[in-house]
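Residue-level structural notes
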Amino acid sequence: MKKYKKLIIAAIIALIFIGTFVFLYQKSQPKPVVYNEFTPKVADIVKTTIITGRIEPRNEVNVKPQISGIITELCKEAGDYIQAGEVIAKVKVIPDMGQLSSAQSRVRLAEINMKQAQVDLEREENLYKQKLVSAEEYDKIKQALKQAREEKAAADDALQVVREGFSKSNANASSTLIRSTISGVILDIPVKVGNSVILSNTFNDGTTIASVANMNDLIFRGNIDETEVGKLVIGIPLKITIGALQDTKYNAVLEYISPKAVENNGANQFEVKAAVHLVQGGKIRSGYSANAEIELASAKQVLTVPESTIEFSGDSTFVYVKKGKGEQKTYERRQVTTGLSDGVNIEIKGGITKKDVVRGPQMIVENKEGN
């Protein structure tokens, strides 16, 4: 009995040893290399580039006050459409003490001159009735009184303008009413009721009451790398994709290429602008980020293969063409002439035909044992 047990144990050990040997032998055998294969196809090759930028109105106007003061009322809100001349806000004047003092002094002087002119006229009128002065002299005194009255009225108006920003004689043109200078959409009103505002002068740009723009005349503004700017010409079409409106593409036409580069992250780039053709009913907001696709070059109905099948060696390009079938299959290295590439497919100008099969990258074979 013991003898049989020893034989069985020995057989089991032998089987384990043989199985391990066979397994290791199979694992050590080189696996056949399998490649993807492609047949050349006739297709269009289009080389494009993508420019990142933003959508903005061609003309955006900042409306500023003509006087300094405090905002007392806002008549419009951001997003409202406004016609040129409509009132956006009202301003209460804060008089400048120097101007106020000068205007008051002018009123007092005009009043003194008017009273004196009135006294002179009364005296001259008595003399004229007694025929002691000529009519010409009398008319001059009357004219002097009229001028004094006009000066008094002008001084009163000037004082009212300094105090309140308008006068009775020009109330319709009051500078306390901030009016839009163009028709369009109000993009922003950066002030609130109670804010102080100042007019534009030599030392500052003044306070912006509102930004107004025509949202029916938009442009795309972006930057393109110096390696590609030489391929652009004014008038070429662009396809605009807006990040917030992925389902809609807009046509545009390039209308400006900057003659001077700007450095951006270590690269020289040139600013470009394109007029955007709006879609009926489209709602675009100023400042939307957008991408512009530009066609730099194209080749129509040419023989193409995937660029991954090409071997680049110096200035020459090669492909491996399939020879034979089944286990007898081999690949012949053949020089080809290439043309335009779109980054995925490349044009073949010579060296192979549509009947050839070219070798691509090596296929990844999954291990069925899970190793």
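Notes on the structure follow. Given the structure is predicted, the values throughout are model-derived calculations rather than measurements. (Residues numbered from 1 in each chain as written. Predicted model: local features only at pLDDT ≥ 70, side-chain atom pairs only at ≥ 80, totals over all residues. Heavy atoms only, no water.)

**Focus: the overall build of the chain**
Tallying secondary structure elements over the chain gives four helices and 20 strands in all. Out of the 371 residues belonging to the chain, those deemed buried represent 29%. The long-range share in the chain, meaning contacts at least 24 apart out of those at least 6 apart in sequence, stands at 72%. For the chain, the accessible surface area stands at approximately 24,200 Å², while carbon and sulfur atoms represent 51% of it. (Helix = DSSP H or I, 4+ residues; strand = E, 2+ residues; numbered from the N terminus. Buried < 20%, exposed > 50% of the residue type's maximum accessible area, 1.4 Å probe, protein only. Contact = heavy atoms within 4.5 Å. Areas by Shrake-Rupley, 256 points an atom, 1.4 Å probe, with all protein chains shown as cover.)

**Observations regarding the packing of aromatic side chains**
Aromatic ring pairs are reported here in terms of the distance separating the ring centres and the angle at which the planes meet. Per the stated rule, a full pass over the model turns up zero aromatic pairs. Geometry around tyrosine 256 places lysine 273 over its ring, the cationic atom sitting 5.0 Å from the centre. When the ring centre of phenylalanine 318 is taken as reference, the NZ or CZ atom of arginine 333 above it lies at 3.7 Å. (Phe/Tyr/Trp six-rings, centres within 6.5 Å; stacked < 30°, edge-to-face > 60°. Lys NZ or Arg CZ within 6 Å of the ring centre and 35° of its normal.)

**So, the nonpolar core**
Among the nonpolar cores identified, the biggest contains 25 residues, and Ile55, Phe220, Leu232, Leu238, Ile240 and Ile242 are the most heavily contacted of them. Contributions of two or more residues to this core are made by strand 2 (41-57), strand 11 (218-225), strand 12 (237-242), strand 13 (245-264), strand 14 (267-277) and strand 15 (289-306). Ile88, Ala89, Ile186 and Ile209 belong to the second largest nonpolar core, which has 16 residues in total. (Core = buried A, V, L, I, M, F, W, Y, C linked by side-chain atoms within 4.5 Å.)

**Things to note about the pattern of salt bridges**
Taken as a whole, this structure holds 15 salt bridges when the rule is applied. Between aspartate 120 and arginine 123 there is a salt bridge whose closest N-O contact spans 3.3 Å. One end of the pair, aspartate 120, and the other, arginine 123, are both in helix 2 (residues 97-129), three residues apart, so they sit about a helical turn from each other. By relative accessible area, aspartate 120 is classed as partly exposed at 25%. (Salt bridge = Lys/Arg side-chain N within 4 Å of Asp/Glu carboxyl O.)

**Details of the environment of glycine 343**
Structurally, glycine 343 is set in the loop between strand 18 (330-341) and strand 19 (345-350). Taking the C-alpha atoms as reference points, glycine 343 and lysine 47, 296 residues apart in sequence, are found 7.9 Å from one another.

**Observations regarding the sheet that holds strand 3 (residues 60-63)**
On the basis of which strands lie adjacent, the open sheet formed by four strands has the order 3-10-8-5 and antiparallel pairing. Among the strands making up the open sheet, the edge pair consists of strand 3 and strand 5 (81-82). Here three bridges tie strand 8 (residues 184-188) to strand 10 (residues 210-213), and the two strands are oriented antiparallel to one another. From the neighbouring strand, valine 185 faces strand 10, where its bridge partner is alanine 213. (Pairing = 2+ DSSP bridges.)

**Considering the sheet that holds strand 4 (residues 69-74)**
The strand order across the open sheet formed by four strands is 7-6-4-9, and the pairing between neighbours is antiparallel. Unpaired on one side and paired on the other, strand 7 (177-179) and strand 9 (196-197) mark the two borders of the sheet.

**Regarding the pairing of strand 13**
The pairing of strand 12 with strand 13 spans six bridges and is classified as antiparallel. Across the sheet, residue isoleucine 240 finds its bridge partner in strand 13, namely tyrosine 250. What sits between strand 12 and strand 13 in their antiparallel hairpin is a turn of two residues. Pairing of strand 13 with strand 14 involves ten bridges; the strand directions are antiparallel. Looking at the pairing, glutamate 263 lines up with asparagine 268 of strand 14. Between strand 13 and strand 14, which pair antiparallel and follow one another directly, the connecting turn spans two residues, one of which, asparagine 265, has a positive phi of 55 degrees.

**Some details on the side chain of serine 341**
Looking at the secondary structure, you find serine 341 in strand 18. A residue is classified by how much of its surface remains accessible, and serine 341, at 19% relative accessible area, is buried. Here glutamate 307 takes part through its side chain, which lies 2.5 Å from a polar atom of the side chain of serine 341. Looking at serine 341, its side chain comes within polar contact range of the main-chain nitrogen of glycine 343, at 3.1 Å. (Polar contact = N/O pair within 3.5 Å; in protein donor to acceptor, adjacent residues only side chain to side chain.)

**Examining the environment of leucine 278**
Relative to the helices and strands, leucine 278 is located in the loop between strand 14 and strand 15. Considering only alpha carbons, one finds leucine 278 and alanine 252, 26 residues apart in sequence, at a separation of 8.8 Å. In this structure leucine 278 touches Met215, Asn216, Leu218, Tyr250 and Ile284, once residues within four positions along its chain are discounted.

**Some thoughts on unusual backbone geometry**
Backbone geometry places asparagine 265, a non-glycine residue, at a positive phi of 55 degrees. Within the secondary structure, asparagine 265 is located in the loop between strand 13 and strand 14. For glutamine 301, which is not glycine, the phi dihedral falls at a positive 50 degrees. Mapping glutamine 301 onto the fold places it in strand 15.

**So, the side chain of threonine 241**
In this fold, threonine 241 is placed in strand 12. Setting aside residues up to four positions removed in sequence, threonine 241 forms contacts with Gln246, Lys249, Ala290 and Asn291.

**What to know about the pairing of strand 11**
Taken together, the five bridges between strand 2 and strand 11 define a ladder with antiparallel strand orientation. Across the sheet, residue glutamate 56 finds its bridge partner in strand 11, namely isoleucine 219. Inspection of the sheet shows strand 11 paired to strand 14 by seven bridges, in the antiparallel sense. Of the residues in strand 14, the one forming a bridge with phenylalanine 220 is alanine 274.

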